[in-house]
Amino acid sequence: VSGDLTCSILPTATYAVAMGAEFDFFQTSSAGYMLISGSGVTINSKNNNFNLAGQFSSATLKKVGSDEWDLMGDLT
């Protein structure tokens, strides 16, 4: 990721993803942010943090249920 970017997670009814699927994110730029968001889905993360913390931060998004995801990593 370089610059401002929002990754929108779609509900299963719109786009099916296999249970246990994982997506990795890595921010290369010091400018901008990466935000993980979703409508119609639950994203579980510590302290409700959904932004990568900055340059060289990474995160993993894992599907753990129907329309439920776990987001873990270097987040703010």
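Model, not experiment: these values are computed from the prediction.

About the cut-offs
Residues numbered from 1 in each chain as written. Predicted model: local features only at pLDDT ≥ 70, side-chain atom pairs only at ≥ 80, totals over all residues. Heavy atoms only, no water. Helix = DSSP H or I, 4+ residues; strand = E, 2+ residues; numbered from the N terminus. Buried < 20%, exposed > 50% of the residue type's maximum accessible area, 1.4 Å probe, protein only. Polar contact = N/O pair within 3.5 Å; in protein donor to acceptor, adjacent residues only side chain to side chain. Pairing = 2+ DSSP bridges. Contact = heavy atoms within 4.5 Å. Core = buried A, V, L, I, M, F, W, Y, C linked by side-chain atoms within 4.5 Å. Salt bridge = Lys/Arg side-chain N within 4 Å of Asp/Glu carboxyl O. Axes fitted to C-alpha atoms, helices over the stretch in contact; angles between N-to-C directions.

S.K.: Is there a simple way to explain the side chain of Ser29 in this structure?
M.R.: For Ser29, the position within the fold is in the loop between β2 (22-26) and β3 (34-38). Owing to a relative accessible area of 13%, Ser29 belongs among the buried residues under this scheme. A distance of 3.0 Å separates a polar atom in the side chain of Ser29 from the backbone nitrogen of Ala31.

S.K.: I would appreciate a short explanation of the pairing of strand β5 (residues 58-65) in the present structure.
M.R.: Regular strands show a simple pattern: their side chains alternate between the two faces of the sheet. Both β2 and β5 contribute to a ladder of five bridges, which runs antiparallel. Bridge pairing in β5 places Phe25 opposite Ala59. Of the pairings in the sheet, the one linking β5 to strand β6 (residues 68-73) comprises six bridges and is antiparallel in character. By the bridge assignment for β6, Thr60 is matched with Met72.

S.K.: Is there a simple way to think about the side chain of Thr60 in this case?
M.R.: As for its placement among the helices and strands, Thr60 is situated in strand β5. Here the side chain of Thr60 touches Asp24 through a polar contact of 2.7 Å, side chain to side chain. Non-local contacts of Thr60, meaning those with residues more than four positions away in its chain, are made with Glu22, Phe23, Asp24, Asp70, Leu71 and Met72.

S.K.: Would you mind showing me how to read the nonpolar core here?
M.R.: Nonpolar side chains tend to gather and get buried jointly when the protein is soluble and globular. Core analysis: the largest hydrophobic core is formed by twelve residues, namely Ile9, Phe25, Met34, Ile36, Val41, Ile43, Leu52, Ala59, Leu61, Trp69, Leu71 and Leu75. Secondary-structure elements contributing two or more residues to this core are β3, β5 and β6. If near-sequence neighbours (up to four positions away) are discounted, Ile43 is found in contact with Ile9, Ile36, Ser37, Gly38, Phe50, Leu61, Trp69 and Leu71.

S.K.: Explain the pattern of salt bridges here, please?
M.R.: Opposite charge on two side chains permits pairing when their charged atoms draw close. Enumeration according to the criterion identifies one salt bridge in this entry. For Glu22, the salt bridge is made with Lys62, and the minimal N-O distance between the two is 3.7 Å. Placement of the pair is Glu22 in strand β2 and Lys62 in strand β5, with a sequence separation of 40 residues. Glu22 sits in the partly exposed class, given a relative accessible area of 46%.

S.K.: Just checking my understanding: could you explain the sheet that holds β6 for this structure?
M.R.: Hydrogen bonds between backbone atoms are what pair the strands of a sheet, whose relative direction is either parallel or antiparallel. Taken together, four strands build an open sheet; the order of strands is β2-β5-β6-β4 and the sheet is mixed. The open sheet terminates on both sides in strands that have one partner only, identified here as β2 and β4 (42-44). Each strand of the sheet is rotated relative to its neighbour by a mean of 25°, with strand direction disregarded.

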